[in-house]
Amino acid sequence: MTVGGIHHLGVAVDDLDEALETYRRLFGATVEHRSTVFDQGVDAASLLVGADRVELLAPTGDDTPVGRFLESRGTGMHHVAYEVADVRAALAELAAAGAELIDEVPRVGLFGLEVAFVHPDAVHGVLTEVVCPV
Ligand code: CO
């Protein structure tokens, strides 16, 4: 599969405002996008840090994917997202290579990006996203 590079790193946090301030203060990060997506259970922000991007994810409640992640793992690294030209083609290649997929078909992710997730068991414990910028 041809990967353009790492599109962003996803980080799970308890409090989005507090985390934004930390990234701004320590690394000079600027906010690219911010939105609360109740049907995905996240209060999220995309930050530009130099030439790269960090996605901060806070849960909107305990019974959400990020809420359950925080409950079991605590705050910290949540996923790595690789940029690809075609999410559907990437999924087909990943499936053909034997990777267990969370999303069998692309879906609309945060900030309108086309995304799909690969199961962490397929990538040595790292939840992995493939993303096509739109
Ligand atoms: Co992401």
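The rules behind the values
Residues numbered from 1 in each chain as written. Predicted model: local features only at pLDDT ≥ 70, side-chain atom pairs only at ≥ 80, totals over all residues. Heavy atoms only, no water. Helix = DSSP H or I, 4+ residues; strand = E, 2+ residues; numbered from the N terminus. Buried < 20%, exposed > 50% of the residue type's maximum accessible area, 1.4 Å probe, protein only. Contact = heavy atoms within 4.5 Å. Polar contact = N/O pair within 3.5 Å; in protein donor to acceptor, adjacent residues only side chain to side chain. Patch = residues over 30% accessible without salt bridge, like charges linked within 9 Å, V, L, I, M, F, W, Y side chains within 5 Å. Areas by Shrake-Rupley, 256 points an atom, 1.4 Å probe, with all protein chains shown as cover. Salt bridge = Lys/Arg side-chain N within 4 Å of Asp/Glu carboxyl O.

Caption draft 1: How the structure looks around the environment of Asp43. Mapped onto the elements of the fold, Asp43 is located in strand 3 (residues 42–49). Overall, Asp43 belongs to the buried group, its relative accessible area being 18%. Along the backbone, Asp43 and Asp15 are 28 residues apart, and their C-alpha atoms lie at a distance of 8.9 Å. The contact partners of Asp43, leaving out residues within four places of it in the chain, are Leu16, Arg34, Ser35, Thr36, Leu56, Leu57, Ala58 and Thr60. Polar side-chain contacts of Asp43 include one of 2.8 Å to the side chain of Thr36.

Caption draft 2: Geometry of a nonpolar patch on the surface. Nonpolar side chains collect at one region of the surface, where Ile6, Leu9 and Met77 lie side by side and expose about 260 Å² of accessible area between them. As for its position among the elements, Ile6 is in strand 1 (residues 5–12).

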